[in-house]
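Structural features, examined
Chain by chain, the residues:
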Amino acid sequence: MSSSLSVNDPVNVEMQDGNPLQGVVAFIGPVKFAEGSDWVGVRLTGLSVGLGKNDGSVKGVTYFDGCGPNGGVFVRRGVVSRRTLTRLEELRLKRELKNAGGGGLTSPPGRKSTASSGTSTASGESSKTGNSKSRL
């Protein structure tokens, strides 16, 4: 998984239980709740909505907005892959995000926001410490 990710990229998330989740990248970078800089916050979409672990906030810190309870998940970069959409899927995703208020991406605490420009990237390296498939 050497390709870079940007905010708003459609992605698949390979979960430990074998059930993949789908969503869009809403956050990339270090977090306050765990070590490492290879964290990806994913706003879940489609049939994956409601299967997450948070609403874009963890331990009182908001990393991204635009999803309801259990509508988001934080995972290590190594379990995220970019998803190619058909034109119809792209239109459905845009409509879903618009209806869900998906424009509310925020920057990490103490960092300037790059979410609106979609220029944030993450390295393709997975963390060598801890469980690379952990999620919050």
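So, a few notes on the structure that sits alongside this text. (Residues numbered from 1 in each chain as written. Predicted model: local features only at pLDDT ≥ 70, side-chain atom pairs only at ≥ 80, totals over all residues. Heavy atoms only, no water.)

To continue, consider the sheet that holds strand β1 (residues 10-13). Pairing in this open sheet of five strands is antiparallel, and the strands run β6-β3-β2-β1-β7 from one edge to the other. Where the open sheet ends on each side, the last strands, each with one partner, are β6 (72-76) and β7 (80-82). The sheet shows a mean angle of 45° between the axes of neighbouring strands, direction not considered. Where strand β3 (residues 39-44) lies against β6, five bridges are found, and the strand directions are antiparallel. Looking at β6, one finds that Val42 is bridged to Val73. (Pairing = 2+ DSSP bridges. Helix = DSSP H or I, 4+ residues; strand = E, 2+ residues; numbered from the N terminus. Axes fitted to C-alpha atoms, helices over the stretch in contact; angles between N-to-C directions.)

Among the five residues in β6, five count as buried, and that is most of the element. The alternating pattern of β6 places Gly72, Phe74 and Arg76 on one face and Val73 and Val75 on the opposite face, and all of these are buried. (Buried < 20%, exposed > 50% of the residue type's maximum accessible area, 1.4 Å probe, protein only.)

Before going further, it helps to spend a moment on unusual backbone geometry. Phi is positive for Lys59, close to 50°, though the residue is something other than glycine. Mapped onto the fold, Lys59 is located in the loop between β4 (57-58) and β5 (61-62). Relative accessible area serves as the criterion here: at 74%, Lys59 is assigned to the exposed category. In this structure, Asn70 takes a positive phi of about 60° despite not being glycine. Following the sequence through the fold, Asn70 ends up in the loop between β5 and β6.

Reported here for the largest pocket is a volume of approximately 160 Å³. Around the largest pocket sit Gln22, Thr45, Gly46, Leu47, Arg83, Leu85, Glu89, Arg92, Leu93 and Glu96, which together line it. No other element matches helix α1 (residues 87-99), which puts four residues into the lining of the largest pocket. Classifying every residue of the lining of the largest pocket gives three nonpolar, three polar and four charged. (1 Å grid on protein atoms, 1.4 Å probe; cavity = no way out; pocket = protein on both sides within 12 Å on 5 of 7 lines; lining within 4 Å. Points joined across faces, edges and corners; volume = space filled by probe spheres on them. Nonpolar A, V, L, I, M, F, W, Y, C, P; charged D, E, K, R; others polar.)

Attention now moves to the environment of Gly68. Within the secondary structure, Gly68 sits in the loop between β5 and β6. With a relative accessible area of 34%, Gly68 lands in the partly exposed category. The spatial distance from the C-alpha of Gly68 to the C-alpha of Leu44 is 9.7 Å, given a sequence separation of 24 residues. In this view, Gly68 contacts Asn54 and Asp55; residues no more than four positions away in its chain are not counted. (Contact = heavy atoms within 4.5 Å.)

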